Amino acid sequence: MDEHYYTINPTSEIKEKSYSYTIKDKTLSFVAVSGVFSFDLRVDKASELLIKNFTPSASSILDMGCGYGPIGLFIKSIFPDQRVYMTDINNRAIEYAKLNAKNNRLEVNICQSDLFSNLTNKKFDDIVSNPPIAAGKKLLTGFINDSKNYLNPNGSLWLVAFHNKGGSTLKEIMNKAFGNVEDIEKSGGIRVYKAVNR
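Since the structure is predicted, the reported quantities are computational estimates derived from the model, not experimental observations.

Visitor: Outline the sheet that holds strand E9 (residues 190-196), supporting the account with residue identities and numerical values.
Guide: Spatially, E5-E4-E3-E6-E7-E9-E8 is the arrangement adopted by the seven strands of the open sheet, whose pairing is mixed. Every other strand in the sheet has two partners, leaving strand E5 (109-112) and strand E8 (182-187) as the edge strands with one partner each. Pairwise comparison of adjacent strand axes, ignoring direction, gives a mean angle of 15° for this sheet. Relative to strand E7 (residues 151-162), strand E6 (residues 124-129) is paired through five bridges, and the arrangement is parallel. Directly across from Ser129, in E7, lies its bridge partner Leu159. Packed on one face of the sheet, helix H2 (residues 70-78) meets strand E3 (60-64), strand E4 (83-88) and E6 and runs near 175° to E4. Packing of helix H4 (residues 137-147) onto the sheet brings it into contact with E3, E6 and E7, and relative to E7 it is tilted by some 155°.

And the structure:
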C-alpha cells in the first residue's frame, strides 16, 4: 500500500519518473517521485482541469499542497506576471517542486508548511489546491475555513475534486465558509469549485 501523501517525511523508497507535458501551449518537464502525489507519467486529470480553467483574481497565488509542482508551475508558466507561492507538508514534495521549478526556469516561492503554519502574515489573491481527500474531513474543513484569513478581499479559493468522491462535501464546506461557491467546470466526474472572499 502507498504511504499517505499527507506525510512530513515519507519513508518509502525514492523512485523517479521523468516526463514532459503540455497544457495551454506550455510544455514543462517534470521529475515525479514516489511518496508524492501523483507518481505517474502525466499531470493527473483533476490538476489538469484546474490548471486549464484557472483565471487569476489579481497578482498573487498560493498553490496549497503543491506536490512536485505541476499546478503552481503551470500557472506561473501561463501567467508569468503572477507571484506564485507553493507549499506542501511533505518535505520530499518540496525538494522535487524546487527541482522542477529550477529545471523549467520558473521563479516561484516554495516552502514547507503544514497548511498555513509557515505562512503567517501573508495574504493572497487566489489559493488553488487539489486537496488530499484521504486526509479527512476535519483537516479539509480547517483548510477551507482558514483560507478566508489568507485571502485578500475578493480573492478566491479554487479546489478540484471528483464530485462523488468527496468533492460534494468540499463544495458544501466552501459554501458554508464563504457564503458562495460556483462550479467552474465539470468533466469526467471531476469539478472545479470556486468561492470568493466577499
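Visitor: Kindly report on the packing of aromatic side chains, identifying the contributing residues and their values.
Guide: Here the structure, examined in full by the defined rule, presents nine aromatic pairs. Summarising the aromatic geometry, the rings of Phe116 and Tyr150 are spaced 4.2 Å apart at their centres and angled 5° between planes, so their arrangement reads as stacked. Of this pair, Phe116 sits in the loop between E5 and E6 while Tyr150 sits in the loop between H4 and E7, placing them 34 residues apart in sequence. Classification of Phe116 as buried rests on a relative accessible area of 5%. Taken together, the ring pairs in this structure connect Tyr19, Tyr21, Phe30, Tyr68 and Phe74 into an aromatic cluster. Stacked on the ring of Phe39, the Lys or Arg Lys17 has its end atom at 4.4 Å from the ring centre. Over the face of the ring belonging to Phe162 we find Lys165, whose NZ or CZ atom lies 5.5 Å from the ring centre.

Procedures and definitions
- Residues numbered from 1 in each chain as written.
- Predicted model: local features only at pLDDT ≥ 70, side-chain atom pairs only at ≥ 80, totals over all residues.
- Heavy atoms only, no water.
- Pairing = 2+ DSSP bridges.
- Helix = DSSP H or I, 4+ residues; strand = E, 2+ residues; numbered from the N terminus.
- Axes fitted to C-alpha atoms, helices over the stretch in contact; angles between N-to-C directions.
- Contact = heavy atoms within 4.5 Å.
- Phe/Tyr/Trp six-rings, centres within 6.5 Å; stacked < 30°, edge-to-face > 60°.
- Buried < 20%, exposed > 50% of the residue type's maximum accessible area, 1.4 Å probe, protein only.
- Lys NZ or Arg CZ within 6 Å of the ring centre and 35° of its normal.

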